[in-house]
Amino acid sequence: MPVENLPGERIESLVDELEGIIEEARPPFGKGAQQKIIETDVFFNILDEIRMSYPEEWQKSRRILKEREELLASAAAQADSIIADAQQQALTIASEQEIVRLAQQQADDIRDRANQYERETRYAAEDYAEQVFTHLEENLKSLTGTVARCRQQLNDSAAQDQNQGW
């Protein structure tokens, strides 16, 4: 059974691939190890893949939020239904006071359980969404750092070329 990739794993993999390309690139003749020749088509293709991976992550986040809302709405509807059923039962058997008291107690217990279920479901959904957003935020920070380092390397290389009169 295949394991579903966590959000951001594809982006991390592509960033690792970019780092590998830079690390394995060869320096041109007469240049230091800071300047390397890379295939720009390959580099830009990977950047395009990274850009295409973002919408998938955002879609997953949106889907999680939508599922959370649906889950909360379902729990609330179920709680309302349980409460309505309990109240209807209480009205139906209201002729005897003891039965009415027991029915009200049962309705309160059901309402309390339904409210507790709704709270637990909401907290679990919020925790899950928070975990996904935290993971996504970490991946985006990592990617931003990598892009900044690559940009700095390119700028350093360009500045060095200008200083050497290229």
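Here, the structure is the one placed above.
Please read all numbers here as calculations on a predicted model, not as lab measurements. (Residues numbered from 1 in each chain as written. Predicted model: local features only at pLDDT ≥ 70, side-chain atom pairs only at ≥ 80, totals over all residues. Heavy atoms only, no water.)

(A) A look at the overall build of the protein. A count of helical and extended segments in the protein gives three helices and zero strands. In sequence order, the protein lays out its α and β elements as α-α-α. Residues classed as buried in the protein amount to 25% of the 166 residues present. Here the analysis covers contacts within the protein between residues at least 6 apart in sequence; of these, 74% occur between residues at least 24 apart. When the accessible surface of the protein is summed, it comes to about 12,100 Å², and 52% of that surface belongs to carbon and sulfur atoms. (Helix = DSSP H or I, 4+ residues; strand = E, 2+ residues; numbered from the N terminus. Buried < 20%, exposed > 50% of the residue type's maximum accessible area, 1.4 Å probe, protein only. Contact = heavy atoms within 4.5 Å. Areas by Shrake-Rupley, 256 points an atom, 1.4 Å probe, with all protein chains shown as cover.)

(B) Geometry of the side chain of serine 61. Position of serine 61 among the secondary structure elements: in helix 2 (residues 40-92). The exposure class assigned to serine 61 is buried, which follows from its relative accessible area of 5%. Look past the residues within four positions of serine 61 in its chain and what remains in contact with it is Val132, Phe133 and Leu136.

(C) Representation of the pattern of salt bridges within the structure. Taken as a whole and judged by the stated rule, the model has seven salt bridges. Here arginine 63 makes a salt bridge to glutamate 67, at a shortest N to O gap of 3.4 Å. Within this pair, arginine 63 and its partner glutamate 67 are both found in helix 2, separated by four residues, close to a single helical turn. For glutamate 67, a relative accessible area of 42% translates into the label partly exposed. Between glutamate 70 and lysine 66 there is a salt bridge, with its nearest N and O atoms 4.0 Å apart. Taken as a pair, glutamate 70 and lysine 66 lie in helix 2 at a separation of four residues, close to a single helical turn. The exposure class of glutamate 70 is partly exposed, given its relative accessible area of 46%. If you follow the salt bridges from partner to partner, you end up with Arg68, Glu69 and Glu126 in one network. (Salt bridge = Lys/Arg side-chain N within 4 Å of Asp/Glu carboxyl O.)

(D) Representation of the environment of threonine 146. Tracing the backbone shows threonine 146 in helix 3 (residues 97-163). Exposure remark for threonine 146: the relative accessible area of 4% places this residue in the buried category. Setting aside its immediate chain neighbours within four residues, threonine 146 contacts Val15 and Glu19.

(E) Main features of the nonpolar core. Ile11, Leu14, Val15, Leu18, Ile21, Ile22, Phe43, Ile46, Leu47, Ile50, Leu143 and Cys150 form the largest nonpolar core, which has 12 residues in total. Contributions of two or more residues to this core are made by helix 1 (9-24), helix 2 and helix 3. With six residues, the single largest contributor to this core is helix 1. (Core = buried A, V, L, I, M, F, W, Y, C linked by side-chain atoms within 4.5 Å.)

(F) Representation of the environment of cysteine 150 in the model. Looking at the element boundaries, cysteine 150 is found in helix 3. What makes cysteine 150 buried here is its relative accessible area of 13%. Along the backbone, cysteine 150 and isoleucine 22 are 128 residues apart, and their C-alpha atoms lie at a distance of 9.0 Å. Setting aside residues no more than four positions away along its own chain, cysteine 150 makes contact with Ile22 and Phe43.

(G) Representation of helix 1 in the model. With 16 residues, helix 1 extends 22 Å between its outermost C-alpha atoms, agreeing within 8% with the 22 Å of an ideal straight helix rising 1.5 Å per residue. Where helix 1 is concerned, the buried positions are Ile11, Leu14, Val15, Leu18, Gly20, Ile21 and Ile22. (Expected span 1.5 Å × (residues − 1).)

Functional significance is not addressed by these values, which are geometric in nature.
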